[in-house]
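Spelled out from the first residue to the last, the chains are:
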Amino acid sequence: LGDAHERASNYYPQRQGPGMPETNPYLFSEMKKNCKNWHQFHSNDDPFIPVHEAEAIRDGLDLSDTYYMLSGRSHFFEFQPELLDVILSLC
């Protein structure tokens with residue numbers, strides 16, 4: 001997202017210029033077919049993924065009940081007990 005390596009990965013949708021269509025758009029319907037159980041974690045101070053991008057994914061996948069905005073967690077480089085709790089709840 002704004003980084004040359006990230007753009008090269010084609011992981012996130014991108015615009016080639018103002019008014020141009022997105023390349024590599026999210027295919028939410030395909031994503032939903034491939035995974036029936038989604039939980040998304042994001043931090044309000046993630047230095048790599050802006051909040052608006054996380055919210056676009058949340059909205060595209062209809063994750064209102066399984067979207068977790070955790071304050072001050074950066075990019076989740078440290079152990080996060082909330083993630084473990086969710087994982088264990090799915091076992």
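Residues numbered from 1 in each chain as written. Predicted model: local features only at pLDDT ≥ 70, side-chain atom pairs only at ≥ 80, totals over all residues. Heavy atoms only, no water.

(A) Main features of the overall build of the chain. The secondary structure content of the chain amounts to four helices and four strands. The linear arrangement of helices and strands in the chain, starting from the amino end, is α-β-β-α-β-α-β-α. Counting only C-alpha atoms, the chain reaches 45 × 30 × 20 Å along its principal axes. When each of the 91 residues of the chain is scored for burial, the buried share is 25%. Considering only contacts in the chain between residues 6 or more positions apart, those separated by 24 or more positions represent 57%. With the model as given, the accessible surface of the chain reaches about 6,500 Å², and the carbon-plus-sulfur share is 56%. Considering the chain, the positive charge centre built from 7 side chains and the negative charge centre built from 14 side chains are found 8 Å apart. (Helix = DSSP H or I, 4+ residues; strand = E, 2+ residues; numbered from the N terminus. Buried < 20%, exposed > 50% of the residue type's maximum accessible area, 1.4 Å probe, protein only. Contact = heavy atoms within 4.5 Å. Areas by Shrake-Rupley, 256 points an atom, 1.4 Å probe, with all protein chains shown as cover. Lys, Arg positive; Asp, Glu negative; His and termini not counted. Charge placed at Lys NZ, Arg CZ, Asp CG, Glu CD.)

(B) Structural context of a nonpolar patch on the surface. A cluster of nonpolar side chains, F79, L84, I87 and L88, forms an exposed patch at the surface whose accessible area comes to about 420 Å². With respect to the element layout, I87 can be found in helix α4 (residues 81–89). (Patch = residues over 30% accessible without salt bridge, like charges linked within 9 Å, V, L, I, M, F, W, Y side chains within 5 Å. Salt bridge = Lys/Arg side-chain N within 4 Å of Asp/Glu carboxyl O.)

(C) Inspection of the pattern of salt bridges at higher detail. As enumerated under the stated definition, the model contains four salt bridges in all. Between D59 and R58 there is a salt bridge; the shortest N-O distance is 2.8 Å. D59 gets classed as partly exposed once you look at its relative accessible area, which sits at 46%. Residue E82 pairs with R73 through a salt bridge whose shortest N-O separation is 2.8 Å. Overall, the relative accessible area of 26% leaves E82 in the partly exposed class.

(D) Examining the packing of aromatic side chains more closely. One pass over the structure, following the stated rule, counts three aromatic pairs. Considering the side-chain rings of F41 and Y68, the 4.5 Å spacing of their centres and the 15° angle between planes classify their relative orientation as stacked. Of this pair, F41 sits in strand β3 (residues 40–43) while Y68 is found in strand β4 (residues 67–70), placing the two residues 27 residues apart along the sequence. In this structure, R58 packs its charged tip against the face of Y67, placed 5.0 Å from the ring centre. (Phe/Tyr/Trp six-rings, centres within 6.5 Å; stacked < 30°, edge-to-face > 60°. Lys NZ or Arg CZ within 6 Å of the ring centre and 35° of its normal.)

(E) Spotlight on the side chain of T66. With respect to the helices and strands, the residue T66 is situated in the loop between α3 (51–60) and β4. Setting aside residues up to four positions removed in sequence, T66 forms contacts with W38, H39 and Q40.

(F) Local environment of α3. Listed in full, the buried residues belonging to α3 are E53, A54, I57 and G60. Projected down its long axis, α3 shows its buried positions confined to an angular sector of 130°, all on one face. (Arc of directions from axis to C-beta.)

(G) Here's a closer look at unusual backbone geometry. Positive phi, close to 55°, is recorded for D62, a residue that is not glycine. Owing to a relative accessible area of 57%, D62 belongs among the exposed residues under this scheme. Unusually for a residue other than glycine, F76 sits at a positive phi of about 60°. Looking at the element boundaries, F76 is found in the loop between β4 and α4.

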